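# Chains, contacts and geometry: an overview
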Amino acid sequence: MLKNSNLTERWQRHEISNFDYLMQLNSIAGRTYNDLTQYFVFPWILVDYESEKLDLSDPNVYRDLSKPVGALNETRLQQFVERYNYFDDPCIPKFHYGTHYSSAASVAFYLIRLEPFTSIHLALQGGKFDHADRQFHSIPECWFNCTNASGDVKELIPEFFYMPEFLTNANRFDLGVKQTGARVDDVVLPGWAKSPEEFIRIHREALESDYVSENLHKWIDLIFGYKQRGEQAAKAHNLFYYLTYEGAVNLDNVQDPMERNAIESQIYHFGQTPTQLFVREHPRRCSRVPRYVPRNLFTSPNRYKKYMVNLRSKRISYIGICDLRASFSLDRQHQVVSIDQSGIISAHVYKETTSTDMAFSLEIDPMLESGRRISSPFCFEANITPRCFGCSNDGQYIFSGGHWDNTFKVVLVETGRVLRSVTGHDDIVTCLTLSEDGKTLVTGSRSTTLLSWNIEFDSGGSLIKDVAPKLTYYGHNNEVVCVAANSEYDVLVSGSKDGTCVVHSLRQGHYIRTLSPAYDDDASVNIVRISKHGNILIYSESQESASLHVFNINGRLLKSLVLLQHLNDIIFTHSGDYLIAADCHANVLIFRTYDLQFHYTFETLIPVYCISLSQSERQMFLGGDDGRLIVLSMNLKENPRE
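Residues numbered from 1 in each chain as written. Predicted model: local features only at pLDDT ≥ 70, side-chain atom pairs only at ≥ 80, totals over all residues. Heavy atoms only, no water.

### Focus on the packing of helix H3 (residues 18-28) against helix H9 (residues 210-223)
Where we set the bar: For helices, the fitted line uses only the C-alpha atoms of the stretch in contact; every axis is such a line through C-alpha atoms, and the angle between N-to-C directions lies from 0 to 180 degrees. Each helix is a run of DSSP H or I of at least 4 residues and each strand a run of E of at least 2, with the numbering of both proceeding from the N terminus. By definition in this entry, angles of less than 35 degrees are roughly parallel, angles greater than 145 are roughly antiparallel, angles of 65 to 115 are roughly perpendicular, and the rest are oblique. In this scheme the handedness of a crossing depends on how the near helix is turned from the far one: anticlockwise by less than a right angle means left-handed, clockwise means right-handed. We call two residues in contact whenever any of their non-hydrogen atoms come within 4.5 Å of each other.
At a closest axis distance of 11 Å, the pairing of H3 and H9 adopts a crossing angle of 15°. Between H3 and H9, the crossing angle belongs to the class labelled roughly parallel. Here the hand of the crossing between H3 and H9 comes out right-handed. Residues Asn 18, Tyr 21, Leu 22 and Leu 25 of H3 lie in contact with H9, whose contacting residues are Val 212, Ser 213, Leu 216, Trp 219 and Ile 220.

Pasting the structure below:
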């Protein structure tokens, strides 16, 4: 499975992150969230948990990934080696560590503040919490114990890199008082993290750092590779009790019930080693030579050029970028689809280049003069915004709302012909969105409800005719004006004129929570977005005020920002690190996502009404209020003044 996946090669080329690669390796090796004895295992990557500020460019803050946790402390290692050398049993092979780096107990230890892991911990401890001094109380203290205590060689779990909630005792469990008098409550964080969210963000950055990228293959050799067992494992001081290894014993051949129960108990309580995936040294990741570092408009915002394309249309209401189907071209080309406020469609072919003179090429739609338009009028009362449109991932179809007959339309981009008028709502469709996988369409209506629809294609890429609503979502008291969906997180977020934002489960339709971010009672939630990391962005405005709010996926407010101007459109960058906002004064504003700190302003000369971003984040396409298409492109010349 691993050989056929091309996974390692993609990781080497930096096409997938360190986090994603480790998750995939864990899955292929049989690790799962559904079995605590075979839970996902991740490495400790830092050694500095005391400093007030962490410099991720300093190699000294990182752990030696070529050694198992038990070998990081030389003094303690000598004790393990001495025991290994003197151990002699005719039935049990030699081992360095009697405990394991991953077990049901260690998972419950880390996740004790979250159900169902609290109940699992209680079951393992005979119905009561373990002694407070043995609880997960502090990250610096836990690191110290894992590198100094005689029986503790735990690694980490993936939650350390994406879930701040496990660090907070939100359920107010009484976890006891330590001998020092300190009550065990929220987890004590390193000095460089002022909140659980900041810890997760910095810790994730550390995992994706150059140092970890250059050394992660060494840790993979220990956990999944050729140093997992045998002679190489012995040399690396990486041998565990034999029953933790796959295939060490065949339970079907054990006839004695008591012996079988003892073996099963040992395996359950003391951990299991993942399936061995590599029998040779794991290849290292390709180095990021400085000239190949993927620069983009946000890491180097002062290195850009601006291009104006006159489409001879009215105000551009929507821009979407999608991949052209493989049958059209052998090159990696994209299609830029634009729709103006009167429904005129343009489709331009866009391709990135490696030339320092021109970073991209744009072939203007040859049918621009014909003025093909969506052959169904919009309702004169409808506010036609970018939230009224969506484009299929292959660029063949447009989905449009705002029509007088309370339907949404499926439109063929090539001709503008309406292939289907789909009825479901009792009032005008005011907004719609496609999930990131392109398989689910969600429409919102003036009737205060939302509907989800399956979008399916046949083998030839044609839309399947039967389109029927799958689920109805309730919760608003006024017109729904914006919606965002993410199938990976199973989240649907919708905003309304009533100033609320309602979160549902996308697949089941279950109501989750209502967010009320507006400072002004008369404010309307006009834009909602979901980032790659699951953060929810809400933009609300009234005649007198406007504000941005970022919540995490579990509804915790991370940051709010009062704005001095109203915004026309907002999107997240593909990385989720920045958000791009077009204001009504011919500016495109860039903010950092996690703290809404202002980052940069691109001046566009004309007001921008809609935004789209290339996958590489080197080109930004903007729809002008005067009908012009604006392209901001990364300047690849070493000297941007040339």
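From this point, the discussion proceeds with the structure in view.
### Some thoughts on the nonpolar core
Going by this rule: We define a nonpolar core as any set of buried Ala, Val, Leu, Ile, Met, Phe, Trp, Tyr and Cys residues linked to one another through side-chain atoms lying within 4.5 Å. A simple rule labels every residue: compare its accessible area, found with a 1.4 Å probe on the protein chains alone, to the largest value its type can have, and call it buried under 20%, exposed over 50%, or partly exposed in between.
Residues Tyr 110, Phe 136 and Phe 160 are the most contacted members of the largest nonpolar core, which totals 72 residues. For this core, the secondary-structure elements that each account for two or more residues are helix H2 (7-12), H3, helix H4 (74-86), helix H5 (104-110), helix H7 (139-148), helix H8 (196-207) and H9. The dominant element in this core, judged by the number of residues it contributes, is H9, at six residues. Once residues within four sequence positions are removed from consideration, Tyr 110 is found in contact with Trp 44, Phe 136, Cys 142, Lys 154, Glu 155, Leu 156, Ile 157, Phe 160 and Phe 166. Ranked by size, the runner-up nonpolar core spans 19 residues in total, among them Tyr 318, Ile 345, Ile 384 and Ile 398.

### A short note on the side chain of His 348
Cut-off, in case you're wondering: Two N or O atoms form a polar contact when they lie within 3.5 Å of each other; inside protein one atom must be a possible hydrogen donor and the other a possible acceptor, and for residues adjacent in sequence the pair counts only when both atoms belong to side chains.
Tracing the sequence through the fold places His 348 in strand E4 (residues 345-352). Here Asp 365 takes part through its backbone nitrogen, which lies 3.1 Å from a polar atom of the side chain of His 348. If we skip the residues at most four places from it in the chain, His 348 touches Leu 311, His 334, Gln 335, Val 336, Ser 338, Leu 362, Glu 363, Ile 364, Asp 365 and Leu 629.

### Quick notes on the sheet that holds strand E24 (residues 587-592)
How we decide: In this analysis, strands are considered paired if DSSP registers two or more bridges between them.
Pairing is antiparallel in the open sheet, where four strands are placed in the order E22-E23-E24-E25. Looking along the sheet, the strands with just one partner apiece sit at the ends: strand E22 (567-572) and strand E25 (598-603). Each adjacent strand pair in this sheet contributes to an overall mean axis angle of 20°, direction not counted. As paired elements, E24 and E25 share five bridges and run antiparallel to each other. By the bridge assignment for E25, Leu 589 is matched with Thr 601.

### Focus: the sheet that holds strand E6 (residues 389-391)
Strand order in the open sheet formed by four strands is E6-E7-E8-E9, and the pairing between neighbours is antiparallel. Strands at the two margins of the open sheet, each flanked by one partner only, are E6 and strand E9 (418-423). Across the sheet, the mean angle separating the axes of adjacent strands is 20° when strand polarity is ignored. Taken together, the four bridges between strand E7 (residues 397-400) and strand E8 (residues 407-412) define a ladder with antiparallel strand orientation. Bridged to Ile 398 within E8 is Val 411.

### Comments concerning the confidence of the model for the protein
As a reminder, the rule being used: Confidence scores per residue from the predictor, reported as pLDDT, run from 0 to 100.
In the predicted model, the protein carries a mean pLDDT of 89, and the fraction of residues at 70 or more is 93%. Note on residues 326-330: pLDDT under 50 across the span, and zero contacts to partners over four residues away in sequence or across chains.

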